[in-house]
Amino acid sequence: MNDNNTLSAFLEAYTESGTARLHMPAHKGKPVTGCESLDITEIKGADYLYEAAGLIGESERRMSALYGTGRTIYSTEGSSICIKTMLGIIKSVCGKLRVLAGRNCHKAFIDGCALLDGEAVWVYPGMKSRSVCSSFITAQDIEKKLSVGEFDCVYITSPDYLGFMADIEGISKVCRKHGVPLLVDNAHGAYLRFTEPDMHPITLGADMCCDSAHKTLPCLTGTAMLHFSKSCPESFLSDAKRIMSVFGSTSPSYLLMNSLDKCSLMLSDGALIRRIRHTAERTALCKSRVSSYGFFPVGDEPMKITIDAALSGLTGNDLADKLREYGIEPEYSDPVYTVLMPSAMTTEDEFRLIEKAFSQIKAGGALTVDMPSPEPCERAVSIREAMFAPSEAVRVEDAEGRVCARTITGCQPAVPIAVSGELINENTVRLFNAYGINDIYVTK
Ligand SMILES: Cc1ncc(COP(=O)(O)O)c(C=O)c1O
């Protein structure tokens with residue numbers, strides 16, 4: 001690999017050259033927060049994200065080879081823009097957008113449906129779920145729906161926010177049988193390509209998937225990738241950049257592209273892959289030690305530690321507070337679960353600190369937490385119509401029978417409790433209460 005011919009090398013050389021920057025951005029590379037010197041715009045030689053033909057294109061091809069994809073493109077606006085791009089591609093190829101989707105989708109999916117006037121038919125948890133984050137969708141659930149309905153694509157979130165993983169291989173076989181493309185929100189699984197075995201959605205048969213690099217690889221916030229499988233129709237790939245640019249800023253961040261470029265180099269030389277594999281093993285050991293102290297790790301993801309705190313007599317929020325007393329900040333907590341996200345950058349000392357904390361926090365008998373399971377709601381109007389309709393705020397206790405205007409999610413994990421256009425029913429109100437939501441917007 002010629003490291004001198006990379007985006008990162010270009011940015012470093014430009015910084016060292018001391019060139020007078022008579023171009024944007026206005027900080028001119030002078031230190032304000034400390035990262036300015038590498039923060040440039042589309043100057044000569046730097047390539048352009050949405051027409052990548054030089055160094056950025058080269059970096060994307062390197063990443064594509066690492067992931068074994070037909071094509072990989074970079075995003076500097078997270079998986080959020082990749083999700084809208086995947087939906088935009090389906091809309092432009094099919095002329096319409098009827099999606100069979102797991103209900104535990106991220107809000108970016110709903111926003112994409114609103115912008116593209118897409119219609120979502122939901123697959124709900126087949127078993128009782130104590131979180132809006134998890135749907136436990138099976139290949140049989142998808143088979144049943146595809147056998148009776150007409151859809152332009154299937155959309156699955158896996159891994160979900162709690163670290164549960166769907167059977168992407170089985171679901172992709174069903175999709176292939178019905179000739180319907182499979183789109184996967186793999187925001188939490190960029191590293192899954194490099195675990196043993198390889199569990200990346202593209203390897204397992206998805207047609208397109210998005211990976212937030214910043215969630216599980218050593219990359220800056222906002223970095224993501226959109227992958228296309230080798231068997232993906234050419235019509236999906238050919239217009240992908242233009243469609244992404246419809247949703248994106250015309251000033252994509254070179255700091256973020258540099259971060260992706262550096263990551264591709266760290267993966268290429270094998271060092272990062274070794275660290276990912278080591279972290280997956282270390283996380284498994286940590287989980288087994290945590291369970292020996294009376295706690296219950298759940299989920300299948302190899303680099304996430306999700307604890308069902310309620311089974312040990314604490315709410316997830318209480319457990320998170322106790323961990324903070326040890327200097328540990330969790331990713332997420334709710335009345336049931338606490339989520340910790342180690343990565344290849346987590347040190348042995350940090351793993352030991354987690355183990356020490358769990359060895360000292362007192363676990364008790366199971367707590368009864370009344371978490372309603374997400375259930376089907378009647379749709380009154382389309383997502384688009386409701387999201388852009390005049391609306392008013394009402395207290396949750398007065399919302400039953402009204403039409404949800406703004407999709408309602410908890411701040412994290414941004415998974416919808418009620419989706420724009422749905423009639424709010426008794427179960428939705430119970431879910432709002434469980435997630436501490438007091439006021440919502442309904443259509444006037
Ligand atoms: C499941 C899931 N999908 C998509 C996203 C959006 O990713 P990003 O923050 O990279 O835009 C998130 C963010 O938390 C997420 O949890």
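Residues numbered from 1 in each chain as written. Predicted model: local features only at pLDDT ≥ 70, side-chain atom pairs only at ≥ 80, totals over all residues. Heavy atoms only, no water.

Further remarks concern the overall build of the chain. Within the chain one finds 15 helices and 15 strands. Expressed as lengths along the three principal axes of its C-alpha atoms, the size of the chain is roughly 65 × 55 × 45 Å. Long-range contacts, defined as pairs at least 24 residues apart, comprise 70% of the intrachain contacts of the chain with a sequence gap of at least 6. For the chain, the exposed surface amounts to about 18400 Å²; the carbon and sulfur share of it is 51%. In the chain, 45 positive and 55 negative side-chain charges are present, and the distance between their average locations comes to 2 Å. (Helix = DSSP H or I, 4+ residues; strand = E, 2+ residues; numbered from the N terminus. Contact = heavy atoms within 4.5 Å. Areas by Shrake-Rupley, 256 points an atom, 1.4 Å probe, with all protein chains shown as cover. Lys, Arg positive; Asp, Glu negative; His and termini not counted. Charge placed at Lys NZ, Arg CZ, Asp CG, Glu CD.)

Every one of the 13 residues lining the ligand counts as a neighbour, but Ser79, Ser80, Asp185, Ser212 and Lys215 are closest to it. With respect to the ligand, the side chain of Asp185 contributes an N or O atom lying 2.5 Å from a nitrogen atom. His214 is positioned such that a nitrogen or oxygen atom in its side chain is 2.8 Å from an oxygen atom of the ligand. About the coverage of the ligand: the protein hides 89% of its 390 Å² of free accessible area. Those elements that provide at least two residues to the shell around the ligand are helix H3 (78–94) and helix H7 (213–216). Among the elements that make up the shell around the ligand, the one with the highest residue count is H3 (four residues). Residue composition of the shell around the ligand, grouped by class: three nonpolar, eight polar and two charged. (Near = heavy atom within 4 Å. Polar contact = N/O pair within 3.5 Å; in protein donor to acceptor, adjacent residues only side chain to side chain. Nonpolar A, V, L, I, M, F, W, Y, C, P; charged D, E, K, R; others polar.)

Sheet strands line up and pair through hydrogen bonds in the backbone, either parallel or antiparallel. One open sheet accounts for seven strands, arranged S1-S7-S6-S5-S4-S2-S3; its pairing is mixed. Every interior strand has two partners, whereas the edge strands, strand S1 (71–75) and strand S3 (119–123), have only one. Averaged over neighbouring strand pairs, the angle between their axes works out to 20 degrees when direction is ignored. The pairing of strand S4 (residues 153–157) with strand S5 (residues 182–185) spans four bridges and is parallel. Bridging from a neighbouring strand, Val154 pairs with Leu182 of S5. Lying on the sheet, helix H9 (residues 240–247) is in contact with S1 and strand S7 (224–228); it crosses S1 at an angle near 20 degrees. The sheet strands contacting helix H10 (residues 254–268) are S1 and S7, and the helix crosses S1 at an angle near 140 degrees. (Pairing = 2+ DSSP bridges. Axes fitted to C-alpha atoms, helices over the stretch in contact; angles between N-to-C directions.)

Bringing H9 into the picture now. By the burial criterion, the buried members of H9 are Ala240, Lys241, Ile243 and Met244. Each buried residue of H9 sits inside an arc of 165 degrees when the element is viewed along its axis, so together they form one side. For H9, the elements touching its buried residues are helix H2 (55–67), S1, H3, S7 and helix H8 (234–238). (Buried < 20%, exposed > 50% of the residue type's maximum accessible area, 1.4 Å probe, protein only. Arc of directions from axis to C-beta.)

Right, let's get into the nonpolar core. Core analysis: the biggest nonpolar cluster contains 69 residues, and Phe109, Leu217 and Phe228 have the highest contact counts within it. It is H3 that contributes the most residues to this core, seven residues altogether. Viewed by domain, this core spans two of them, domain 1 (3–268) and domain 2 (273–360), each represented by three or more residues. Of all hydrophobic cores here, the second largest spans 30 residues; its members include Val132, Tyr161, Val336 and Ile437. (Core = buried A, V, L, I, M, F, W, Y, C linked by side-chain atoms within 4.5 Å. Domains from an automatic or database assignment.)

Remark: the centre distance and the inter-plane angle together describe each pair of aromatic rings, the angle taken between the planes. Taken as a whole, this structure holds eight aromatic pairs when the rule is applied. Relative to Tyr50, the ring of Tyr48 lies with its centre 6.1 Å away and its plane at 80 degrees, an arrangement referred to as edge-to-face. Ring plane angle 70 degrees and centroid distance 5.1 Å describe the contact between Tyr67 and Phe194, whose orientation is recorded as edge-to-face. Placement of Tyr67 in helix H2 and of Phe194 in the loop between S5 and strand S6 (208–212) is noted, with a sequence separation of 127 residues between them. Each member of the pair, Tyr67 as well as Phe194, carries the same accessibility label: buried. In this structure, Lys304 packs its charged tip against the face of Tyr161, placed 5.9 Å from the ring centre. A cation over an aromatic ring shows up here: Arg406 above the ring of Tyr441, its NZ or CZ 3.5 Å from the ring centre. (Phe/Tyr/Trp six-rings, centres within 6.5 Å; stacked < 30°, edge-to-face > 60°. Lys NZ or Arg CZ within 6 Å of the ring centre and 35° of its normal.)

To continue, consider the domain arrangement of the chain. For the chain, the assigned domains read domain 1 (3–268), domain 2 (273–360) and domain 3 (383–443). Placing a centre on the C-alpha atoms of domain 1 and another on those of domain 2 gives a separation of 27 Å. In this assembly, domain 1 and domain 2 are joined by two salt bridges. Glu196 serves as the salt-bridge partner of Arg277, at 3.6 Å between the closest nitrogen and oxygen. There are 11 residue pairs in polar contact (both at pLDDT 80 or more) connecting domain 1 and domain 2. Each residue belonging to the side of domain 1 that touches domain 2 can be placed in one class, and the counts come to 12 nonpolar, five polar and four charged. (Salt bridge = Lys/Arg side-chain N within 4 Å of Asp/Glu carboxyl O.)

Glancing now at H2. Every α-helix carries 3.6 residues per turn, so stepping three or four residues along brings you back to the same face. A rise of 1.5 Å per residue sets the reference length of H2, with its 13 residues, at 18 Å; its end C-alpha atoms lie 18 Å apart and thus fit the reference within 8%. Counted residue by residue, H2 has 10 buried out of 13 residues, so it is predominantly covered. Along H2, the residues classified as buried are Leu55, Ile56, Gly57, Ser59, Glu60, Arg62, Met63, Ser64, Leu66 and Tyr67. Residues of H2 that are buried make contact with helix H1 (7–17), S1, S6, S7, H9 and H10. The first or second residue beyond H2 is Gly68, which carries a positive phi of 65 degrees. (Expected span 1.5 Å × (residues − 1).)

Here we have four strands laid out as an open sheet, ordered S8-S9-S11-S10, and antiparallel in their pairing. Both outer strands of the open sheet, strand S8 (297–298) and strand S10 (332–333), are each paired with one neighbouring strand and no more. Against the sheet, helix H12 (residues 316–325) makes contact with strand S9 (305–308), S10 and strand S11 (337–340), and its axis sits at roughly 40 degrees relative to S11, the strand it touches most.

Moving on, we come to the side chain of Thr306. Inspection of the secondary structure assignment puts Thr306 in strand S9. On the basis of relative accessibility, which here comes to 0%, the residue Thr306 falls in the buried class. Of the polar contacts made by the side chain of Thr306, one reaches the backbone oxygen of Leu162; its length is 2.6 Å.

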